[in-house]
Amino acid sequence: MILLCGGIPFLWNLSGQISGRAGFGPEYEIVQSLVFLLLATLFSAVTGLPWSLYNTFVIEEKHGFNQQTLGFFFKDAIKKFIVTQCILLPVTSLLLYIIKIGGDYFFIYAWLFTLVVSLVLVTIYADYIAPLFDKFIPLPEGELKQQIETMAKSIDFPLTKVYVVEGSKRSSHSNAYFYGFFKNKRIVLFDTLLEDYSALNKEPAEGEDGENEETKSKTKNKKQGCKNEEVLAVLGHELGHWKLGHTVKNIIISQMNSFLCFFLFAVLIGRKELFAAFGFYDTQPTLIGLMIIFQFIFSPYNEVLSFCLTVLSRRFEFQADAFAKELGKAKDLYSALIKLNKDNLGFPVSDWIFSMWHYSHPPLLERLQALKDAKQE
């Protein structure tokens, strides 16, 4: 509907009118582009809001995952929008400026700029951005922390800190990941992953308010999360991704694709018929060119690439499971996968064609079958 009704040219012209009233004429294309981007993301946020509300307060609520109140949801959404704009607008303005002044080889400079930005964001996300939304606390001293440090040391993983994030104030879904470059690696565990730490396994204290009022404490009758041995098995799988170089391989593939896309963008950006097809007959704004080429022209290519990456991701998951198996964690990973599938209400049976195209992780039964022999041993 947006394409058929000329929504993109309309929004671009509206952005020009707004920037013009602020004293920035048509020659200030970057300013107009930033206004366009702000309006477009605002439109996207508003039109996506009903679906997000339905997903959170109907579907997730129905199955016992949602832990948010309406007030918390909107505060979270506004905060996300503001943080996104604080990152998106400056990065976009610099990218457009580089494209404008880059000459014939602007695509190389644009690619290098996006590479640096992505590495910086990966570096600062967990330390400076994620804490704006969730509370991160160091994992208390004890048996679990000691076992994690011992396992990390056994495979030369340069672990510096282990955090627990209070994911239970938003959802009862569970997760674990690591981040950091070089010799400064950190592990993050969702409290919903840990049977001993999950707030959903604890009775609310009498007279307790504050965050409990805001996040709607919903004590369940069943235990959620994994035992320490199972948590270690899950971490063994995650550390397998690091040890086997999966993270580095994904970064290399991503950057090769990014370079290819910028190169093809440089080839296509001068084609007037591309802009005319989307309602831009007299102007060829760089931001609109990026949107047309990356979002629409590359769409078939992106589908094929997405399928190839899904196949590769499933292969990586099997390899990470096998790595955990080599660490002697097969039995615990087996039971952990069953618990996590149950906690997250995953359906264990999948159509092989559908899962091959859509699932970045192998279906549960396939993973259990791969672990079964080692578990029996």
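Source: prediction; values computed, not measured.

Participant: How should I be thinking about the overall build of the protein in this particular structure?
Facilitator: The number of helices and strands found in the protein is 14 helices and four strands. With the C-alpha coordinates of the protein rotated into their principal frame, the extents come out at 70 × 50 × 40 Å. A total of 377 residues make up the protein; the buried ones form 38% of that total. Within the protein, contacts between residues at least 6 apart in sequence are counted, and of these 74% link residues at least 24 apart. On the protein, roughly 21300 Å² of surface is accessible, and the fraction owed to carbon and sulfur atoms is 63%. The distance from the centre of the 36 positive side-chain charges to the centre of the 38 negative ones in the protein is 2 Å.

Participant: Please explain the sheet that holds strand S2 (residues 159-165) as it appears in this structure.
Facilitator: Two strands in a sheet stick together by hydrogen bonds in their backbones, pointing the same way (parallel) or opposite ways (antiparallel). If you walk across this open sheet you meet the four strands as S1-S2-S4-S3, and the pairing is mixed. Each edge of the open sheet carries a strand with a single partner, namely strand S1 (136-138) and strand S3 (176-179). For this sheet, the mean inter-axis angle between neighbouring strands, taken without regard to orientation, is 30 degrees.

Participant: Can you walk me through the environment of Leu4 in this structure?
Facilitator: Positionally, Leu4 belongs in the segment before helix H1 (7-21). Note: C-alpha distance between Leu4 and Leu309 (305 residues apart in sequence) is 32 Å.

Participant: What's the story with helix H7 (residues 228-243) in this structure? I'm lost.
Facilitator: Each turn of an α-helix holds 3.6 residues, which means side chains three or four residues apart point in the same direction. Given a rise of 1.5 Å per residue, 16 residues ought to cover 22 Å, and the 22 Å separating the end C-alpha atoms of H7 matches this to within 8%. Where burial is concerned, most of H7 is hidden: 13 out of the 16 residues are buried. Where H7 ends, the next residue or the one after it, Gly245, has phi of about 75 degrees, a positive value.

Participant: So what exactly am I meant to see when it comes to the packing of helix H2 (residues 29-62) against helix H3 (residues 70-101) here?
Facilitator: Axes are the key here: two packed helices are described by the angle between their axes and the distance separating the axes. Packing of H2 against H3 brings their axes to within 10 Å, and their N-to-C directions diverge by 150 degrees. With respect to each other, H2 and H3 are oriented roughly antiparallel. As H2 runs across H3, the sense of the crossing is right-handed.

Participant: Teacher, can you tell me more about the packing of helix H8 (residues 246-268) against helix H10 (residues 286-297) here?
Facilitator: Interaxial distance between H8 and H10 falls to 11 Å at its minimum, and their mutual angle equals 120 degrees. By the angle between their directions, the pair H8 and H10 is classed as oblique. The hand of the H8/H10 crossing is right-handed. For the pair H8 and H10, contact is made by Cys261, Phe262, Phe265 and Leu268 and by Thr286, Gly289, Leu290, Ile293, Phe294 and Ile297, respectively. Across the contact of H8 with H10, the residue classes tally to eight nonpolar, two polar and no charged.

Participant: How should the UniProt feature "binding site: Zn(2+)" (unreviewed entry) in the protein be read in this particular structure?
Facilitator: Using the residue numbers shown here, the UniProt feature "binding site: Zn(2+)" (unreviewed entry) corresponds to His237, His241 and Glu317. A maximum C-alpha distance of 8.1 Å places the annotated residues, which cover 81 residues in sequence, within one compact spot. Taken from the residues named earlier, the lining of the largest pocket is made up of His237, His241 and Glu317. When near neighbours in sequence (up to four residues on either side) are disregarded, His237 contacts Glu317, Ala320, Asp321, Ala324 and Arg367.

Participant: How should the side chain of Glu238 be read in this particular structure?
Facilitator: Assignment of secondary structure puts Glu238 in helix H7. Arg367 is the oppositely charged side chain nearest to the buried, salt-bridge-free Glu238, at an N-O distance of 7.0 Å. Filtering out sequence-adjacent residues up to four positions away, Glu238 remains in contact with Ala176 and Phe178.

Participant: I keep staring at a nonpolar patch on the surface and nothing clicks. Help me out?
Facilitator: Nonpolar side chains collect at one region of the surface, where Phe259, Leu260, Phe263, Leu264, Val267 and Tyr301 lie side by side and expose about 480 Å² of accessible area between them. Tallying contributions element by element places H8 first for the nonpolar patch, with five residues. Residue position: Tyr301 is located in helix H11 (residues 299-326).

Participant: Quick question: what am I supposed to make of the layout of surface pockets here?
Facilitator: Take a probe with the size of a water molecule and roll it over the atoms, and the empty space left behind shows itself. Its volume calculated, the largest pocket comes out at about 1500 Å³. In this structure, the largest pocket is lined by 50 residues; those nearest its centre are His237, Glu238, His241, Glu317 and His361. Secondary-structure elements contributing two or more residues to the lining of the largest pocket are helix H4 (106-129), S3, H7, H8, H11, helix H12 (330-343) and helix H14 (364-376). The biggest single contributor to the lining of the largest pocket is H8, with seven residues. If you add up the space inside the second largest pocket, you get close to 980 Å³. Lining the second largest pocket are 31 residues, with Leu37, Leu287, Leu290, Met291 and Gln295 positioned closest to its centre. The element contributing the most residues to the lining of the second largest pocket is H2, with nine residues.

About the thresholds
Residues numbered from 1 in each chain as written. Predicted model: local features only at pLDDT ≥ 70, side-chain atom pairs only at ≥ 80, totals over all residues. Heavy atoms only, no water. Helix = DSSP H or I, 4+ residues; strand = E, 2+ residues; numbered from the N terminus. Buried < 20%, exposed > 50% of the residue type's maximum accessible area, 1.4 Å probe, protein only. Contact = heavy atoms within 4.5 Å. Areas by Shrake-Rupley, 256 points an atom, 1.4 Å probe, with all protein chains shown as cover. Lys, Arg positive; Asp, Glu negative; His and termini not counted. Charge placed at Lys NZ, Arg CZ, Asp CG, Glu CD. Pairing = 2+ DSSP bridges. Axes fitted to C-alpha atoms, helices over the stretch in contact; angles between N-to-C directions. Expected span 1.5 Å × (residues − 1). Parallel < 35°, antiparallel > 145°, perpendicular 65-115°, else oblique. Left-handed = near helix turned anticlockwise from the far one by under 90°. Nonpolar A, V, L, I, M, F, W, Y, C, P; charged D, E, K, R; others polar. UniProt positions renumbered as here; feature names shortened; annotations may be inferred. 1 Å grid on protein atoms, 1.4 Å probe; cavity = no way out; pocket = protein on both sides within 12 Å on 5 of 7 lines; lining within 4 Å. Salt bridge = Lys/Arg side-chain N within 4 Å of Asp/Glu carboxyl O. Patch = residues over 30% accessible without salt bridge, like charges linked within 9 Å, V, L, I, M, F, W, Y side chains within 5 Å. Points joined across faces, edges and corners; volume = space filled by probe spheres on them.

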